[in-house]
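Structural description and commentary
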Amino acid sequence: MMGVNDMTPKRERKTITEDGLLLLDKMEKDRVTTVWDRFQDQLPNCGYCEMGLSCRNCVMGPCRVDPFGEGPQVGVCGADANIIVARNLGRMIAAGAASHSDHGRDLVDVLAQVGEGNNAGYQIRDPNKLKQVAGEFGVDVGGKDDLTIASELAYQMQEDYGMRRKSLTLLARAPEKRRELWMSLGVVPRGIDRETSEMMHRTHMGVDNDWKSLLLHGIRNALSDGWGGSMIASDVSDILFGTPTPHPTKVNAGVLEEDQVNIVVHGHNPVVSEMVLHACHSPDLLARAEENGATGINLVGVCCTGNELLMRHGIAMAGNHLSTELILATGAVDMMIVDYQCIMPSISSVAACYNTKMISTSDKAKFPGMDHREFHPHNAEKMAVQVVTEAIENFVNRKEVFIPTTATDAVGGFSVEAVLGALGGTPEPLLEAIKTGKIRGAAGIVGCNNPRIQQDYGHVTLTQRLIENDILVVDTGCVSVANAKAGFKVADAISFAGPGLKEICGALGIPPVLHFGSCVDNVRILVLASALANALDVDISDLPIAGAAPEWYSEKAATIGVYFVASGVYTVLGPMPPITGSMDIVKLLTEDLESVVGATFAVEPDPENAAILIRKRIESKRAALGLDARDG
Ligand code: SF4
Ligand code: MSK
């Protein structure tokens with residue numbers, strides 16, 4: 001394992017992955033620019049923006065506040081550093097919450113259409129979960145068929161998006177102590193869209209100019225995502241496509257097959273990718289692929305729509321966020337189909353160099369250089385057949401193919417239901433292992449890649465340090481691909497774990513690092529934490545757990561961090577968010593929140609140090625629960 005220092009060659013500063021390094025060499029040879037080149041072109045970054053001290057919320061500006069006290073200390077409207085930093089952070093949270101929650105809304109729309117009988121290929125794959133969630137939303141499920149329940153549940157979920165509730169339904173899953181705390185702080189989210197809309201209002205010039213009040217609403221807005229939009233997205237995905245169970249899979253660029261039509265799905269929403277998967281199994285299309293000289297159709301994923309397919313079907317993963325350009329350089333990708341979020345607009349120009357056909361599918365996410373094939377619930381089945389046919393036709397345009405590595409084995413698909421199933425239906429065995437100290441605690445490692453950090457170094461180093469210290473790791477999003485590539489997600493990976501974790505995972509036959517899914521599936525971590533807290537009759541903040549986002553880049557990750565902390569989970573960020581223009585806000589988020597919500601953020605770019613912070617936190621929580629504690 002390596003970190004970056006002054007002696008590290010330029011090439012190795014970019015990624016720790018073997019496939020990534022080889023594909024970077026290829027792109028350099030082919031003179032194709034990458035995200036790392038564009039990152040260099042942007043340096044040095046604007047210091048005002050990095051500190052959160054620039055504002056363009058109105059056209060009296062743009063304005064900036066001088067951090068050295070020599071230039072202006074307020075904008076044209078009089079907003080000072082605290083107000084400007086808080087407003088900027090508030091808008092970041094709103095954008096993240098909006099993204100996840102709009103993804104959830106798209107799934108609720110499909111659920112509603114299935115309920116109305118306009119299923120067009122979608123169906124209820126987990127009727128038990130349908131009934132369970134419907135019950136939570138107050139739908140009387142007695143004597144009703146699945147479609148009626150789906151229709152009534154979709155209606156109730158739509159109500160959660162609006163302004164008719166005093167509190168979101170799924171907050172009831174949180175421990176009572178946590179809910180009482182949110183109530184006392186006045187941060188109970190009322191409507192998913194309402195809190196985002198209110199944040200945009202509050203941050204307009206001349207509305208909320210109390211930075212603490214703005215940040216409290218930031219908490220409410222983030223909770224509307226974590227316990228609202230994202231939780232609905234995750235639940236409805238399970239209802240429509242099945243609740244994940246462990247599946248063997250493979251990862252890295254080696255999952256591409258030289259002799260098959262390779263289709264890569266990229267984005268987040270399984271509404272499109274599930275239909276594409278279905279089309280790839282069509283005997284007619286498989287025959288067509290053979291007619292075109294291919295031996296089959298190989299569907300693989302990147303980013304979170306890939307994670308959704310991996311969790312439910314064991315579909316292989318070609319890479320994570322910073323691999324999305326690299327894998328095109330294999331020359332083996334006949335088509336990339338995107339939905340939305342985390343799709344760099346650069347990707348079409350890279351694809352053009354390697355004869356990859358690019359397809360956009362969402363009316364809300366169009367890209368230059370892509371062919372647009374709009375998917376809606378009523379036409380998705382037909383549209384999926386059309387795009388897979390186009391991919392097959394593109395196979396004959398292949399030129400040079402370079403698949404740099406062989407794929408690594410992994411296992412994914414650990415929903416909360418699957419974890420509890422492995423434990424015999426109750427969290428007791430996990431709690432017992434924590435009480436005896438064989439497992440010291442658990443950490444959720446989540447989030448993206450960021451060219452500021454050597455790709456996957458933060459994720460893999462932090463994970464390795466935690467599991468070797470008997471801390472169970474659950475991961476989501478792009479971290480999960482990094483950890484799978486590192487070989488942490490097979491049963492044999494217990495060889496990386498400390499003795500206690502090795503014993504427990506060995507007995508259960510599970511890896512020490514559990515793949516919990518996509519970005520919206522971070523809520524599965526909240527649900528599991530709530531189950532553990534309820535079993536111990538404590539709050540989430542009392543548990544020996546922590547969160548981390550070692551390589552985060554996106555607004556969604558910022559929102560996830562805030563709802564983790566607001567739910568009582570101490571969270572360590574790698575990259576610094578743009579808040580250092582206000583030391584009042586830095587202090588609030590990294591110190592004072594402890595006495596407010598029982599958890600704080602820490603910022604630590606070095607994963608070795610982040611591991612120490614998390615171990616200390618977990619050991620201090622063990623001591624407070626009266627369990628044996630080690631020096632962290
Ligand atoms: Fe400047 Fe205030 Fe307008 Fe922001 S809102 S651009 S600080 S005048
Ligand atoms: S895809 S939000 S880069 S995890 Fe969910 Fe990865 Fe982060 Fe996008």
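What counts as what
- Residues numbered from 1 in each chain as written.
- Chains lettered and ligands numbered in written order.
- Predicted model: local features only at pLDDT ≥ 70, side-chain atom pairs only at ≥ 80, totals over all residues.
- Heavy atoms only, no water.
- Near = heavy atom within 4 Å.
- Nonpolar A, V, L, I, M, F, W, Y, C, P; charged D, E, K, R; others polar.
- Helix = DSSP H or I, 4+ residues; strand = E, 2+ residues; numbered from the N terminus.
- Domains from an automatic or database assignment.
- Polar contact = N/O pair within 3.5 Å; in protein donor to acceptor, adjacent residues only side chain to side chain.
- Contact = heavy atoms within 4.5 Å.
- 1 Å grid on protein atoms, 1.4 Å probe; cavity = no way out; pocket = protein on both sides within 12 Å on 5 of 7 lines; lining within 4 Å.
- Points joined across faces, edges and corners; volume = space filled by probe spheres on them.
- Phe/Tyr/Trp six-rings, centres within 6.5 Å; stacked < 30°, edge-to-face > 60°.
- Buried < 20%, exposed > 50% of the residue type's maximum accessible area, 1.4 Å probe, protein only.
- Arc of directions from axis to C-beta.
- Pairing = 2+ DSSP bridges.
- Axes fitted to C-alpha atoms, helices over the stretch in contact; angles between N-to-C directions.
- Parallel < 35°, antiparallel > 145°, perpendicular 65-115°, else oblique.
- Left-handed = near helix turned anticlockwise from the far one by under 90°.

A separate point is the site of ligand 1. Near ligand 1 you find C55, N57, C58, M60, G61, C63, G75, V76, C77, R87 and M205, and these make up its full shell. Looking at side-chain class alone, the shell around ligand 1 contains 7 nonpolar, 3 polar and 1 charged residues.

Inspection of the region around ligand 2 gives 13 residues, with H268, C342, C448, C478 and C519 positioned closest. Looking at the shell around ligand 2, the elements that each hand over two or more residues are α12 (303-313) and α18 (477-485). Of the residues belonging to the shell around ligand 2, the class tally is 7 nonpolar, 5 polar and 1 charged. Two domains share the shell around ligand 2, each providing at least three of its residues, namely domain 4 (247-397) and domain 5 (415-624).

Time to look at the side chain of E159. As for its placement among the helices and strands, E159 is situated in helix α6 (residues 146-161). A distance of 3.4 Å separates the side chain of E159 from the side chain of R164, its partner in a polar contact. Apart from the residues within four sequence positions on either side, E159 is in contact with R164 and R165.

For the protein chain, the assigned domains are domain 1 (10-44), domain 2 (45-75), domain 3 (81-241), domain 4 (247-397) and domain 5 (415-624). Spacing between the C-alpha centres of domain 2 and domain 4 amounts to 42 Å.

The computed volume of the largest pocket comes to approximately 1600 Å³. Lining the largest pocket are 45 residues, and of these M92, R452, Y553, E555 and P578 sit closest to its centre. Going through the elements one at a time, α2 (35-41), α3 (47-51), β1 (54-55), β2 (63-64), α4 (81-115) and α21 (555-566) are the ones with two or more residues in the lining of the largest pocket. A per-class count over the lining of the largest pocket returns 24 nonpolar, 13 polar and 8 charged.

Inspection of the entire model under this criterion finds 4 aromatic pairs. Aromatic pair F488 and F496: ring centres 5.0 Å apart, planes at 80°, arrangement edge-to-face. Given a relative accessible area of 1%, F488 falls into the buried group. On the basis of relative accessible area, F496 is assigned to the partly exposed category, the value being 32%.

In this structure, P44 follows L43 across a cis peptide bond, with omega equal to -5°. With respect to the helices and strands, the residue P44 is situated in the loop between α2 and α3. Within the chain, D456 stands out as a residue other than glycine whose phi angle is a positive 75°. Despite not being glycine, D470 shows a phi value in the positive range, around 65°. Structurally, D470 is set in the loop between α17 (457-468) and β12 (471-476).

Within helix α19 (residues 499-508), burial applies to G500, L501, I504 and C505. One face of α19 carries all of its buried residues, which in axial projection span an arc of 115°. In α19, those exposed residues whose orientation departs by more than 90 degrees from the buried face are P499 and A507. In the core, the buried residues of α19 are packed alongside α16 (428-436), α17 and β12.

Before going further, it helps to examine the pairing of strand β14 (residues 545-549). Most of β14 sits inside the fold, with 5 of its 5 residues counted as buried. Neither face of β14 is exposed, since I545, G547 and A549 on one face and A546 and A548 on the opposite face are all buried. Looking at chain direction, strand β11 (residues 441-445) and β14 are connected through 4 bridges and run parallel. Bridging from a neighbouring strand, A442 pairs with I545 of β14.

Applying the stated criterion to the full structure yields 6 cavities of 30 Å³ or more. The volume enclosed by the largest cavity comes to roughly 160 Å³. For the lining of the largest cavity, the secondary structure elements donating two or more residues are α16, β11, β12, α20 (522-536) and β14. For the lining of the largest cavity, the leading source of residues is α20, giving 4 residues. For the lining of the largest cavity, a count of residues per class yields 15 nonpolar, 1 polar and no charged. Approximately 90 Å³ is the volume found for the second largest cavity. Taken together, F414, V419, A422, L423, L430, I439, L472, I504, L508, I510 and L514 form the lining of the second largest cavity. Of all the secondary-structure elements, those providing two or more residues to the lining of the second largest cavity are α15 (416-422) and α19. A class-by-class count of the residues in the lining of the second largest cavity yields 11 nonpolar, no polar and no charged.

Where helix α8 (residues 192-202) contacts helix α9 (residues 211-241), the axes come no closer than 8 Å and their chain directions differ by 150°. Between α8 and α9, the angle falls in the class roughly antiparallel. Helix-helix and strand crossings are classified by hand; for α8 and α9 the assignment is left-handed. Each of I192, E195, T196, E198, M199 and R202 in α8 lies in contact with α9, whose residues at this interface are S213, L214, H217, G218, R220, N221, S224, G228, G229 and I232.

Turning to the side chain of D19, a few remarks are in order. Within the secondary structure, D19 is located in helix α1 (residues 18-29). Setting aside residues no more than four positions away along its own chain, D19 makes contact with N252, A253, A318, P404, T405 and K485.

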